[in-house]
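# Observations on chain architecture
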Amino acid sequence: MSVRFATLSDIDKMKHLYRKCFSCKEDYLEYFFSSPIIRHLVSTDTAGKVVATLAAFQLEYVSDYPDPSADEFNFGRLALSNFHCEYKGFYLYGLCTDSSARQKGHATALLRFFEKEARREGWDFLCLQPADGCPELVGLYDKAGFTQHYFRRHNLPLHEVTAGITEMHTSELFLLRQRTFQKDYFRWSAPILQYIIGEARLNPCHETDLSNIYLQMLPLNPEMKITRKDIIFSYPMG
């Protein structure tokens, strides 16, 4: 088994694996694998065949806790978010393993590899979503260290249908969320929002069962704190 970051020569192999593991349309696969903002990892077997893959997006968490470095007296120009600590991490996504290579540790190896790289680079946390709160996946991620469980606070409406949100420029959407969610929420950057809006057009989201575990997190920074179990996850489509 070998785990590494993917190269351009791996793209066709990863697409083939995604077709086998997910119900993916070709236009979605082209969009997903052409984005420069996504990090891709692959795990290969002893013959060099790509048998598992994992993707990652950057993400931030804006804490309830005040930022000790903020100037508490400069209220005139200081951005509101500066009164709260901002932690930077990754949202792990699209983990899949070929049926012929399951139960051999490939998925765990991908998660461990990315954790090691994230710690080396100084990131604060990793998080991921178990598909529909699947108990088997929750258990797999628990064993990999993602033992902090969170539930979604509420389902927001599908804005691209009811409010024309896709007509907004990405920077406008980002600033709207800055004003609406001032603390205690997970936040995408404007470039990643741009990508996710495009992805949602090709692969629309569905409503979440609020009784299921929505997010599992592995903190890498011991100072990072989340005070509640129900979270706001600032995803464009709810």
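Everything quoted here is computed from the prediction, not taken from an experiment. (Residues numbered from 1 in each chain as written. Predicted model: local features only at pLDDT ≥ 70, side-chain atom pairs only at ≥ 80, totals over all residues. Heavy atoms only, no water.)

### A closer look at the side chain of Arg187
With respect to the element layout, Arg187 can be found in strand β7 (residues 185-187). Accessibility expressed as a relative area gives 5% for Arg187, which makes it buried. A distance of 3.1 Å separates polar atoms of two side chains, one belonging to Arg187 and the other to Glu86. (Helix = DSSP H or I, 4+ residues; strand = E, 2+ residues; numbered from the N terminus. Buried < 20%, exposed > 50% of the residue type's maximum accessible area, 1.4 Å probe, protein only. Polar contact = N/O pair within 3.5 Å; in protein donor to acceptor, adjacent residues only side chain to side chain.)

### So, the nonpolar core
Core analysis: the largest hydrophobic core is formed by 36 residues, its most contacted members being Phe32, Phe125, Phe186, Trp188 and Phe233. Elements supplying a minimum of two residues to this core: α1 (11-21), α2 (26-34), β3 (50-62), β4 (86-97), β5 (125-128), α7 (190-202) and β8 (215-219). Counting residues per element, this core draws most heavily on β3, at five residues. Setting aside anything within four residues of it in sequence, one finds Phe32 in contact with Tyr18, Ile38, His40, Ala55, Tyr93, Tyr195 and Glu199. (Core = buried A, V, L, I, M, F, W, Y, C linked by side-chain atoms within 4.5 Å. Contact = heavy atoms within 4.5 Å.)

### Examining the side chain of Gln216
Within the secondary structure, Gln216 is located in strand β8. Not counting chain neighbours up to four residues away, the residues in contact with Gln216 comprise Leu126, Cys127, Leu128, Pro130, Leu137, Val138, Tyr141, Asp142, Phe146, Gln148 and His149.

### A short note on the pattern of salt bridges
One pass over the full model with this rule turns up 13 salt bridges. A salt bridge links Glu121 to Arg39, with the nearest nitrogen and oxygen atoms 3.3 Å apart. A residue pair is termed long-range when its members are at least 10 positions apart, and Glu121 in helix α3 (residues 106-121) and Arg39 in strand β2 (residues 39-44) qualify at 82 residues. When its relative accessible area of 25% is taken as the criterion, Arg39 is described as partly exposed. Between Asp230 and Arg228 there is a salt bridge, with the nearest N and O atoms lying 2.8 Å from each other. (Salt bridge = Lys/Arg side-chain N within 4 Å of Asp/Glu carboxyl O.)

### Structural notes on α3
Here α3 contains 16 residues, and its C-alpha end-to-end distance of 23 Å stays within 8% of the 22 Å for a straight helix at 1.5 Å per residue. Residues of α3 that are buried include every one of His106, Ala107, Ala109, Leu110, Leu111, Phe114, Glu115, Glu117 and Ala118, and no others. Within two residues after α3, Gly122 carries a phi angle of roughly 90 degrees, on the positive side. (Expected span 1.5 Å × (residues − 1).)

### Comments concerning the pairing of strand β6 (residues 148-152)
Bridge count between β6 and β8: three bridges; the pairing is antiparallel. From the neighbouring strand, Tyr150 faces β8, where its bridge partner is Leu215. Pairing geometry for β6 and strand β9 (residues 230-231), over two bridges, is parallel. By the bridge assignment, Phe151 is partnered in β9 with Asp230. (Pairing = 2+ DSSP bridges.)

### Here's the deal with the packing of aromatic side chains
Taken as a whole and assessed by the stated rule, the structure comprises 20 aromatic pairs. For the pair Phe57 and Tyr91, a centre-to-centre distance of 6.5 Å together with 35 degrees between the ring planes defines the contact as tilted. With Phe57 in strand β3 and Tyr91 in strand β4, the pair connects residues that are 34 residues apart, well separated along the chain. The pair formed by Phe57 and Tyr91 is uniform in burial state, with each residue classed as buried. What links up through ring pairs into an aromatic cluster is the set Tyr18, Phe22, Tyr28, Tyr31, Phe32, Phe33, Phe57, Tyr91, Tyr93, Trp188 and Tyr195. (Phe/Tyr/Trp six-rings, centres within 6.5 Å; stacked < 30°, edge-to-face > 60°.)

### Notes on the state of the cysteines
Here a disulfide denotes one covalent bond, and it connects the sulfur atoms of two cysteines. For the structure shown, the criterion picks out zero disulfides. Cys96 provides the cysteine sulfur closest to Cys21, a residue in no disulfide bond, and the two sulfurs are 4.2 Å apart. By relative accessible area, Cys96 is classed as buried at 4%. (Disulfide = S-S within 2.5 Å.)

### Brief notes about the pairing of β3
For a regular strand, the rule is simple: side chains alternate between the two faces of the sheet. Here β3 lies mainly inside the structure; 12 of its 13 residues are buried. Across six bridges, the pairing between β2 and β3 is antiparallel. Residue Ser43 lies in a different strand from β3, and its bridge partner there is Ala52. The pairing of β3 with β4 spans 10 bridges and is antiparallel. In the strand pairing of β4, Thr53 is matched with Cys96. Bridge count between β3 and β7: three bridges; the pairing is antiparallel. In the strand pairing of β7, Tyr61 is matched with Phe186.

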